[in-house]
There are 2 protein chains.
Amino acid sequence: MADPDVRERFRAFLREQNLPVTSQRLVIGDLLLNAPGHLSAEDVSSQLSEKGQVVGLATIYRTLDLLVNSGLVVERDFGEGFKRFEPARNLPHHYHLTCTVCGSVTEFLDERIEQMIRTAAAARGFVPSRHRLLVHGTCRDCRGAAPVPKRRTL
Amino acid sequence: MADPDVRERFRAFLREQNLPVTSQRLVIGDLLLNAPGHLSAEDVSSQLSEKGQVVGLATIYRTLDLLVNSGLVVERDFGEGFKRFEPARNLPHHYHLTCTVCGSVTEFLDERIEQMIRTAAAARGFVPSRHRLLVHGTCRDCRGAAPVPKRRTL
DNA sequence: TTTTGTGCAAACAATTTGCATGAGA
DNA sequence: TCTCATGCAAATTGTTTGCACAAAA
């Protein structure tokens, strides 16, 4: 059920840092590192509960910090008022298409956009380290049905 | 001290909506619509206080909502844990360069990036409505001095 | 056995809301 | 006047922290 590779990398990280490898850390790591989507702390909590693996929210937040520090997970802020977390794949930079109707998030990659951003930043005397691109709109599935997408900020 | 044009547009919006034109609404609107930067609700509050125009925080938040709904102001989330607001200039889409050392925010425009984003989204069956691009890095002024920028998330 | 983690509850920060009072139309 | 806004304080939400107890090394 869990990719043994990432699981092992998280254990290795904990050992390197002389941090105890606890069952809750593994359980949270397994869930998040193999999650297809972008989970919030709440999502992690409820998905674990559903599986009968109840872990306190505080522990979840603390473990999310560890995962982010390990580099295995990245933190995302979609402007929803809370953070989401996703496994750090090897994708150098992937962008997000968010559907304003169904809320689905699609990822995509574009070398040329990436290159242009780098160039545009440099032209302004700026040395870029990382960047984020967030596109809002309507996905294929939601087009046609929805009359007026519910008014949401951002 | 305030651009009479945007000020008048806010009044017009209020009148259209049959909403009272109160002194606090005007004062908040004047401040924000003529602000050079990106202000948080706290910023608005403290800047008004400095001018001796004390307005309750609740009213500030309520008025920010109005300004956003009027289309005269846009809301920004830089992942700081709170929102910032800036006047909606006529710039169709401007992007942000954030310096991770001094925190300064520079805006820029790039037609070609914009076009590529549109194309990339369309190629994935997505009709884009708006998008955001956020670039982190080091600005010209901060390069050379800072050894290791303080570790911050996002 | 010593260190570090865990869960709970309290603490926090940004933002929202209920309600009595006060100002615009 | 009648409606809607304001200010205050209490409520809410996402997240963090202190502390007593429990589990890893």
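Conventions adopted
- Residues numbered from 1 in each chain as written.
- Chains lettered and ligands numbered in written order.
- Predicted model: local features only at pLDDT ≥ 70, side-chain atom pairs only at ≥ 80, totals over all residues.
- Heavy atoms only, no water.
- Pairing = 2+ DSSP bridges.
- Helix = DSSP H or I, 4+ residues; strand = E, 2+ residues; numbered from the N terminus.
- Axes fitted to C-alpha atoms, helices over the stretch in contact; angles between N-to-C directions.
- Contact = heavy atoms within 4.5 Å.
- Left-handed = near helix turned anticlockwise from the far one by under 90°.
- Nonpolar A, V, L, I, M, F, W, Y, C, P; charged D, E, K, R; others polar.
- Least-squares fit on C-alpha atoms with pLDDT ≥ 70 in both.
- Buried < 20%, exposed > 50% of the residue type's maximum accessible area, 1.4 Å probe, protein only.
- Domains from an automatic or database assignment.
- Buried area = accessible area lost by both parts, 1.4 Å probe.
- Salt bridge = Lys/Arg side-chain N within 4 Å of Asp/Glu carboxyl O.
- Polar contact = N/O pair within 3.5 Å; in protein donor to acceptor, adjacent residues only side chain to side chain.
- Near = heavy atom within 4 Å.

### Side note on the sheet that holds strand 5 (residues 105-108) of chain B
Right, so step 1: Taking strand neighbours across the sheet as the criterion, the six strands line up as 5(A)-4(A)-6(A)-6(B)-4(B)-5(B) in an open arrangement whose pairing is mixed. The open sheet terminates on both sides in strands that have one partner only, identified here as strand 5 (105-108) of chain A together with strand 5 of chain B. On average, each strand axis in the sheet is inclined to that of its neighbour by 20°, with strand direction left out of account.
Right, so step 2: Of the pairings in the sheet, the one linking strand 4 (residues 95-99) of chain A to strand 5 of chain A comprises four bridges and is antiparallel in character. Across the sheet, the residue bridging to Leu-97 of chain A is Thr-106 of chain A, located in strand 5 of chain A.
Right, so step 3: Sitting on the sheet, helix 5 (residues 111-123) of chain A is in contact with strand 4, strand 5 and strand 6 (127-138) of chain A together with strand 4 (95-99), strand 5 and strand 6 (127-138) of chain B, with an inclination near 125° to strand 6 of chain A.

### Considering the packing of helix 2 (residues 23-33) of chain B against helix 4 (residues 57-70) of chain B
Residue and element names in this part refer to chain B.
Right, so step 1: At a closest axis distance of 10 Å, the pairing of helix 2 and helix 4 adopts a crossing angle of 65°. Helix 4 is crossed by helix 2, and the crossing has right-handed handedness. Contacts between helix 2 and helix 4 pair Gln-24, Arg-25, Ile-28, Gly-29, Leu-32 and Leu-33 from the former with Thr-59, Ile-60, Thr-63, Leu-64, Leu-66 and Leu-67 from the latter.
Right, so step 2: Class assignment of the residues belonging to the contact of helix 2 with helix 4 gives a composition of seven nonpolar, four polar and one charged.

### What to know about the relation of the copies chain A and chain B
Right, so step 1: Overlay of chain A on chain B (RMSD 0.3 Å): rotation 179°, translation along the axis 0.0 Å. The transformation just described matches what one would write down for a two-fold rotation axis. Nearest to the rotation axis, the C-alpha of Leu-133 of chain A is located 2.2 Å from it, this being the minimum over chain A.

### A look at unusual backbone geometry
Peptide bonds are mostly trans, and most non-glycine residues show a negative phi.
All names here are of chain A.
Right, so step 1: At Asn-18, a residue that is not glycine, the phi angle is positive and equals roughly 55°.
Right, so step 2: Considering the arrangement of structural elements, one finds Asn-18 in the loop between helix 1 (4-16) and helix 2 (23-33).
Right, so step 3: The exposure class of Asn-18 is exposed, given its relative accessible area of 69%.

### Description of the domain arrangement of chain A
Residues and elements named next belong to chain A.
Right, so step 1: Assigned domains within chain A: domain 1 (4-87) and domain 2 (95-145).
Right, so step 2: When each unit is reduced to the centre of its C-alpha atoms, the spacing between domain 1 and domain 2 is 25 Å.
Right, so step 3: Counting residues at the interface gives five residues for domain 1 and six residues for domain 2.
Right, so step 4: Note on domain 1 versus domain 2: buried area summed over both sides is about 480 Å², and carbon and sulfur give 53% of it.
Right, so step 5: On the domain 1 side of the interface with domain 2, the three residues burying the most area are His-38, Arg-76 and Phe-78, jointly 77% of the side's total.
Right, so step 6: Our count for the domain 1 to domain 2 interface comes out at zero salt bridges.
Right, so step 7: Scanning the region where domain 1 abuts domain 2 turns up three residue pairs in polar contact (both at pLDDT 80 or more).

### Quick notes on the protein's contact with DNA strand D
Right, so step 1: Taken together, 17 residues surround DNA strand D, and among them Tyr-61 of chain A together with Thr-22, Arg-25, Thr-59 and Arg-62 of chain B come closest.
Right, so step 2: Protein-adjacent atoms of DNA strand D, using a 4 Å cutoff, are sugar or phosphate at a proportion of 75%.
Right, so step 3: One of the backbone nitrogen or oxygen atoms of Lys-83 of chain A is found 2.8 Å away from a phosphate oxygen of DNA strand D.
Right, so step 4: A distance of 2.7 Å separates a phosphate oxygen of DNA strand D from a polar atom in the side chain of Thr-59 of chain B.
Right, so step 5: Those elements that provide at least two residues to the surface near DNA strand D are helix 4 (57-70) of chain A together with helix 2 and helix 4 of chain B.
Right, so step 6: Residue composition of the surface near DNA strand D, grouped by class: eight nonpolar, five polar and four charged.

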